[in-house]
Amino acid sequence: MAEEATQNGEAAAQQAPVKMNILAQFVRDLSFENILAQKGSNGEVQPDVQVQVNLDAKKRSADNQYEVILKLKVESKSKGSDAMLFILEMDYAGVFHIENIPEEQLHPFLLIECPRMIFPFARRIVSDVTRDGGFPPLNLEMIDFVALYRNEIARRRQAAASGEQKLDA
């Protein structure tokens, strides 16, 4: 009985709940270029908005602390003429304290769950900046960080496989 209780205690210790705290979040870099205002407008324009998302994560010097950076690049062009209306680039960072994550699950956690937590704040900044820049507020659609992560892993595997084929040839 005592041996069984010890094993259950060890299993409970291994299954400790995940602990995540956002210690800080901030705009690391922000650029907004209103090209339409610089060049002038020829009447009504219908915007075509393209959004690129990149993620970066790194370990900080303090124990269990990580920095995750959500990098957004938003380009808006006029549908009819393909003339650029504005370009917005932003790096939005979050500092996280994370405990009790198995090592093999840490990478996806940092690139899925952490960006999911800070995205609403970055989204609000994009909306405010575009509105303050003279355009209607741009409300970014929700981002599927799981699909983004899976696509990046698949892209890396494909790149590695094609790199191996080139070495063999």
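Preceding block: the structure.
Now for a description of the structure that goes with this document. (Residues numbered from 1 in each chain as written. Predicted model: local features only at pLDDT ≥ 70, side-chain atom pairs only at ≥ 80, totals over all residues. Heavy atoms only, no water.)

## A closer look at the overall build of the protein
Working step 1: In terms of regular secondary structure, the protein is built from 4 helices and 4 strands.
Working step 2: When the helices and strands of the protein are read in sequence order from the N terminus, they spell out α-β-α-β-β-β-α-α.
Working step 3: Taking all 169 residues of the protein together, the buried fraction comes to 28%.
Working step 4: Element-wise, carbon and sulfur atoms account for 48% of the exposed surface of the protein, whose accessible area totals about 11,200 Å². (Helix = DSSP H or I, 4+ residues; strand = E, 2+ residues; numbered from the N terminus. Buried < 20%, exposed > 50% of the residue type's maximum accessible area, 1.4 Å probe, protein only. Areas by Shrake-Rupley, 256 points an atom, 1.4 Å probe, with all protein chains shown as cover.)

## Structural notes on unusual backbone geometry
Glycine aside, residues mostly have negative phi angles, and peptide bonds mostly take the trans form.
Working step 1: Within the chain, Asn 64 stands out as a residue other than glycine whose phi angle is a positive 60 degrees.
Working step 2: Structurally, Asn 64 is set in the loop between strand E2 (47-59) and strand E3 (65-78).
Working step 3: Given the relative accessible area of 31%, Asn 64 is considered partly exposed.
Working step 4: Non-glycine residue Asp 82 carries a positive phi angle of around 65 degrees.

## As for the sheet that holds E2
Working step 1: Strand order in the open sheet made by the 4 strands is E1-E4-E3-E2, with antiparallel pairing throughout. Edge positions in the sheet fall to strand E1 (19-34) and E2, since each has one partner strand and no second. On average, adjacent strands in this sheet sit at an angle of 15 degrees to one another, irrespective of strand direction.
Working step 2: The pairing of E3 with strand E4 (residues 84-99) spans 13 bridges and is antiparallel. Opposite Gln 65, over in E4, you have His 97 as the bridge partner.
Working step 3: Set on the sheet, helix H3 (residues 103-132) makes contact with E1, E2, E3 and E4; between it and E4 the angle comes to about 140 degrees. (Pairing = 2+ DSSP bridges. Axes fitted to C-alpha atoms, helices over the stretch in contact; angles between N-to-C directions. Contact = heavy atoms within 4.5 Å.)

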